[in-house]
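# Structural description and commentary
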Amino acid sequence: MSATTQPNVDVPASSTVQNLTIGKAINLGLRAAMEKDSKVVVMGEDVGKLGGVFRITDGLQKDFGEQRVLDTPLAESGIIGTAVGLAVRGFRPVCEIQFEGFIFPGFDQINSQVAKLHARTQGRIKVPMVIRVPYGGGIGAVEHHSESPESYFAHLAGVKAVTPSNPVDAYWMIQQAIFSDDPILVFEPKKLYHMGTLKAPVDTAAEPMPLFASKVLRTGTAATLVGYGPTVKLCLEVAEAAAEEGNELEVIDLRALSPMDLDPVFESVRKTGRLIAVSEAPSEASLTSEIAARVQQECFYSLEAPVLRVTAFDTPYPPSKLEEHYLPDLDRVLDAVDRSLEW
Amino acid sequence: MSDMSSAEQWTHPEEGDLPPATAAKPTKDQVIAGLRATSEGGADLTQLLTPEGERVPSQIFDPYVADIDFEALRGLYKDMVIVRRADREANAMQRQGQLGIWVPLLGQEAAQIGSGRALRPNDMAFPSYREHGVGYARGVSFKEMLGLFRCTSMGEWDYQAHGFHPYTIVIGNQVLNATGYAMGQKFDGKVGDDDGEATIVYFGDGATSQGDVHEGFVWAAVYDAPVVFFCQNNQWAISEPTERQSRLPLYQRARGYGFPGIRVDGNDVLGCLAVTRWALEACRHGNGPVLIEAFTYRMDAHTTTDDPTRYRLSDEVETWKLKDPIERVRVYLTRNGGADASFFEQVEAEADEFAADLREFVFTMEDPPPERIFDNVYAEPSAALDKQREEFLAYLGGFEGGVH
């Protein structure tokens with residue numbers, strides 16, 4: 001995987017539009033937030049000189065100094081716990097967790113302090129911090145580097161969570177999260193960070209869409225696909241393939257994981273009568289469970305088939321030589337679409 | 001056995017020297033005397049006022065309490081008496097079912113008042129959940145602190161105005177939060193001279209085993225954070241004695257992190273005041289962090305749900321009664337003409353009045369309304385929670401008279 005990717009489309013230097021990968025878009029989003037507010041500090045393991053193991057913070061320490069881009073000691077509870085103190089002090093810390101599999105030492109602080117301080121103090125203390133979490137698989141990694149733990153955090157009242165699937169969202173979501181007064185986890189689909197084919201023009205002068213809103217990416221009438229983060233790209237590919245067979249699928253990018261904006265999903269299901277939820281996380285007690293439960297509650301009389309889910313299995317992440325079988329792919333989602341249509 | 005105070009001996013052992021693997025094990029005599037191997041202060045214990053009320057001169061620390069004349073000392077005495085009286089009242093109110101639980105501070109008055117009074121308005125204190133005395137010293141009303149224990153709130157005092165963070169119940173969490181706050185004081189440019197700010201964080205001997213405390217020490221050390229780690233070693237983490245947490249005296253751990261550690265007599269209010277002022281001064285000037293181990297004793301149960309008779313000898317408690325933090329100040333003041341009988345009577349009367357007022361307040365505390373469940377979960381509006389609230393209230397409203 002290349003750490004940096006050159007834009008493949010020429011854009012005028014004076015333009016506010018840049019052709020970016022997701023990774024570079026987050027980098028520029030961080031930079032924009034840091035320029036806007038001197039209280040924004042970036043902290044994490046290797047985020048300074050190295051620019052992070054994925055280079056997402058590349059160049060920030062050089063330009064903003066060691067007091068605003070902190071190479072922290074190697075302990076995740078320490079990163080989250082000290083960020084809480086900084087937030088209480090009036091800073092807006094942006095923590096990087098190197099890989100999602102390493103967030104759990106920090107889970108106690110996230111659960112017990114980050115999520116609870118505002119309610120505990122009835123709003124006297126705000127915790128405006130961001131926790132960036134590269135997540136998801138498909139990168140041929142060793143254990144703990146490919147998981148999708150977002151459901152743990154969606155279950156947790158007091159924190160919010162979002163995930164970008166494209167460079168435009170990547171650029172804006174990080175900034176919106178930073179300037180929110182609530183603590184927000186940004187789950188970043190690491191497989192897509194530097195994917196050149198996902199490059200898209202990002203207009204830094206545009207008006208961003210709301211942070212906690214899902215988005216219909218493709219309209220259709222046969223069935224609805226809902227995905228988020230890394231599975232959005234997959235859902236769009238599925239829709240493309242299904243269209244060739246004459247089935248127009250509606251594709252929704254969830255974007256916000258907690259709180260979820262399911263109104264567009266309900267609306268879509270009322271039209272299509274069929275829903276397939278696609279996620280890289282195991283299915284048991286997950287976001288896709290939540291989607292299924294709420295869709296059956298809201299769209300009971302519209303459903304022509306049960307809500308189907310295409311997810312990882314309820315097993316630990318396997319050795320990555322097996323991950324192509326573990327993760328949802330084109331065929332598995334198409335199979336689910338067929339099952340739904342044939343119900 | 002190696003001399004425990006010599007850290008060099010552990011890293012450069014003499015031939016035939018073994019690490020003091022059994023050093024933490026107290027002898028039978030030590031147990032009966034309440035003096036565990038990890039708890040022996042010995043020559044390293046900083047003390048300005050002995051249990052017998054004798055003033056011990058200290059070249060280093062006397063300057064830090066030079067301003068404490070009889071009047072100021074009477075003030076500290078009164079603080080401790082009021083805090084103890086309020087503590088006993090709260091304990092009694094729990095027994096009467098007026099509080100859900102109480103966390104007694106009995107015996108730790110000097111550690112809390114001494115350190116709490118060392119702070120300046122701009123300093124920030126991060127308590128655990130037993131620091132009612134520190135809260136009092138920071139100007140937080142006892143009434144405000146009781147909501148947590150009556151379970152009507154989680155403590156909603158004005159943290160910023162008082163410089164007293166909310167109670168933290170998960171053991172050790174606050175040590176990292178305080179360290180981050182102190183890093184912020186430094187990043188804000190508030191450290192470096194006499195007017196500098198500092199942070200103090202409270203935790204117990206049990207908490208020293210937590211990873212968060214270790215990480216807090218590491219972070220504070222590498223960022224030179226202006227934070228005083230104030231460990232009240234009250235000898236017991238519920239039922240577990242300090243030797244279940246450490247082989248060596250807790251203050252000596254600081255050495256491994258590269259900052260000063262000091263053990264002070266936690267039952268000596270003057271000693272605690274001086275040592276904490278000294279540590280805060282180091283922090284203000286950018287020479288933090290500092291670890292203080294206040295060597296004290298939890299005279300009552302861990303909480304009102306605890307039964308200490310199952311795990312400790314009453315002899316031990318009796319021994320510690322002789323080291324009472326309040327009595328030694330009374331003796332000192334009396335013997336040196338710093339206060340007369342009428343002063344002590346007056347303080348007792350004020351404490352009784354304080355307790356009565358507290359009692360009346362608690363008995364009339366109202367439960368919060370049910371919709372409070374949904375309040376302030378987030379700083380920004382949440383449509384999903386608004387919906388849950390509305391549904392819940394509509395459901396409640398369905399009962400006759402709106403009462404479930």
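Everything numeric here is computed off the predicted structure, so don't read it as measured data. Residue positions are given per chain, counting from 1 as you read along its sequence in written order. Each chain takes a letter, starting from A, and each ligand takes a number, starting from 1, following the order in which they are written. The predicted origin of the model limits local features to residues at a pLDDT of at least 70 and limits the giving and counting of side-chain atom pairs to 80 or more, whereas totals for whole chains, interfaces and linings rest on all residues. Calculation of side-chain values draws on the structure's entire complement of heavy atoms; hydrogens and water are dropped beforehand.

## As for the overall build of chain A
Where we set the bar: The helix count covers DSSP runs of H or I at least four residues long, the strand count covers runs of E at least two residues long, and both are numbered beginning at the N terminus. Radius of gyration here is computed from C-alpha atoms only, and the compact-globule reference equals 2.2 Å multiplied by the residue count raised to the power 0.38. Whether a residue is buried, partly exposed or exposed follows from its accessible area with a 1.4 Å probe, protein chains only, as a fraction of its type maximum: under 20%, in between, or over 50%, in that order. Every residue pair with non-hydrogen atoms within 4.5 Å of one another is taken to be in contact.
Assigned secondary structure in chain A consists of twelve helices and 14 strands. Here the C-alpha atoms of chain A give a radius of gyration of 20 Å, agreeing with the 20 Å that 2.2 N^0.38 yields for 343 residues. On the principal axes, the C-alpha backbone points of chain A span a range of 60 × 50 × 40 Å. The buried share of chain A, taken over its 343 residues, is 61%. Residue pairs in contact within chain A that sit at least 24 positions apart in sequence constitute 80% of those at least 6 positions apart.

## With respect to the sheet that holds strand β1 (residues 45-46) of chain B
All names here are of chain B. What counts, and what does not: DSSP-based pairing: two strands are paired if at least 2 bridges between them are found.
Read from one edge to the other, the open sheet built from six strands follows the order β1-β7-β8-β4-β3-β2, with strand pairing classed as parallel. Each edge of the sheet is formed by a strand with only one pairing partner; in this case those strands are β1 and β2 (124-126). Where strand β3 (residues 199-204) lies against strand β4 (residues 227-233), six bridges are found, and the strand directions are parallel. Along β4, the bridge assignment pairs Phe203 with Cys231.

## What about the packing of aromatic side chains?
This is how the line gets drawn: Aromatic rings from Phe, Tyr and Trp, taking only the six-membered ring of Trp, are treated as a pair when their centres fall within 6.5 Å; an angle between ring planes under 30 degrees marks them as stacked, one over 60 as edge-to-face, and anything in between as tilted. Any Lys NZ or Arg CZ found within 6 Å of a ring centre and within 35 degrees of that ring's normal is scored as a charge over the ring.
This structure, assessed with the given rule, holds 40 aromatic pairs over all chains. Here Tyr77 of chain B and Phe343 of chain B contribute two aromatic rings whose centre-to-centre distance is 5.8 Å and whose plane-to-plane angle is 50°, an arrangement assigned as tilted. Of the two residues, Tyr77 of chain B sits in helix α3 (residues 70-95) while Phe343 of chain B sits in helix α14 (residues 341-363), which places them 266 residues apart along the sequence. Each member of the pair, Tyr77 of chain B as well as Phe343 of chain B, carries the same accessibility label: buried. An aromatic cluster is defined as three or more aromatic residues linked by ring pairs; in this entry it consists of Phe104, Phe107, Tyr135, Tyr152, Phe153 and Phe187 of chain A. Seen from the ring of Phe343 of chain B, Arg74 of chain B lies directly overhead, with NZ or CZ sitting 5.8 Å from the centre.

## A few points about the packing of helix α1 (residues 22-36) of chain A against helix α7 (residues 167-178) of chain A
The description of two helices packed together rests on the angle between their axes and the distance between the axes. Residues and elements named next belong to chain A. We apply this condition: The angle between two axes is taken between their N-to-C directions and runs from 0 to 180 degrees, where each axis is a line fitted to C-alpha atoms and a helix contributes only its stretch in contact. Our angle categories are set so that under 35 degrees counts as roughly parallel, over 145 as roughly antiparallel, 65 to 115 as roughly perpendicular, and the remainder as oblique. The sense of a crossing depends on the near helix, which, turned anticlockwise from the far helix by less than a right angle, makes the crossing left-handed and, turned clockwise, makes it right-handed.
Between α1 and α7, the shortest axis-to-axis distance is 8 Å and the interhelical angle comes to 30°. Here α1 is positioned roughly parallel relative to α7, judged by the angle of their axes. Once α1 is placed against α7, the crossing between them reads as right-handed. Across the interface between the two elements, Ile22, Ala25, Ile26, Leu28, Gly29, Leu30, Ala32 and Ala33 from α1 touch Pro167, Ala170, Tyr171, Ile174, Gln175 and Ile178 from α7.

## Remarks on a negative patch on the surface
The criterion, for reference: In this scheme, patches are assembled from residues that exceed 30% relative accessible area and form no salt bridge. Like charges are connected within 9 Å, while nonpolar side chains (Val, Leu, Ile, Met, Phe, Trp, Tyr) are connected within 5 Å. A 1.4 Å probe and the Shrake-Rupley method give the accessible areas. Residues count as covered only by the protein chains that appear here. The term salt bridge refers to a pairing of a side-chain nitrogen on Lys or Arg with a carboxyl oxygen on Asp or Glu at a separation within 4 Å. Neither His nor the chain ends contribute to the count of charged residues, in which Lys and Arg are positive and Asp and Glu negative. By convention, the charge on Lys lies at NZ, on Arg at CZ, on Asp at CG and on Glu at CD.
On the surface, a cluster of negative charge is made up of Glu244, Glu245, Asp338 and Glu342 of chain A. Take Glu342 of chain A: it is sitting in the segment after α12 (330-341).

## Details of the packing of helix α6 (residues 142-150) of chain B against α14 of chain B
All names here are of chain B. What counts is decided by this rule: As a working rule, the residues Ala, Val, Leu, Ile, Met, Phe, Trp, Tyr, Cys and Pro are called nonpolar, Asp, Glu, Lys and Arg charged, and the rest polar, with Gly in that last group.
Packing of α6 against α14 brings their axes to within 11 Å, and their N-to-C directions diverge by 45°. In terms of axis orientation, α6 runs oblique to α14. Taken as a pair, α6 and α14 cross one another with a handedness that is right-handed. Together, Phe142, Lys143, Leu146 and Arg150 of α6 and Phe354, Asp357, Leu358, Phe361, Val362 and Phe363 of α14 make up the contact between the two elements. Split by residue class, the contact of α6 with α14 holds seven nonpolar, no polar and three charged.

## Quick notes on the interface of chain B and chain A
We apply this condition: Accessible-area loss on putting two parts together, using a 1.4 Å probe and summing over both, is the definition of buried area adopted here. For the purposes of these results, a polar contact is taken to be a pair of N or O atoms within 3.5 Å, where, inside protein, one atom must be able to donate a hydrogen and its partner to accept one; residues adjacent in sequence count only when each atom of the pair is a side-chain atom.
Taken together, the contacts link 39 residues of chain B with 42 residues of chain A. A combined buried area of about 3400 Å² lies between chain B and chain A, and 56% of that area is made up of carbon and sulfur atoms. Viewed at the interface, chain A and chain B are joined by four salt bridges. With a shortest N-O distance of 2.8 Å, Arg89 of chain A and Asp188 of chain B are connected by a salt bridge. The interface formed by chain B and chain A holds 26 residue pairs in polar contact (both at pLDDT 80 or more) in total. Elements with a contribution of two residues or more to the side of chain B that touches chain A: α8 (173-187) and α9 (211-222) of chain B. No other element matches α8 of chain B, which puts ten residues into the side of chain B that touches chain A. Grouping the constituent residues of the side of chain B that touches chain A by class yields 18 nonpolar, ten polar and eleven charged.

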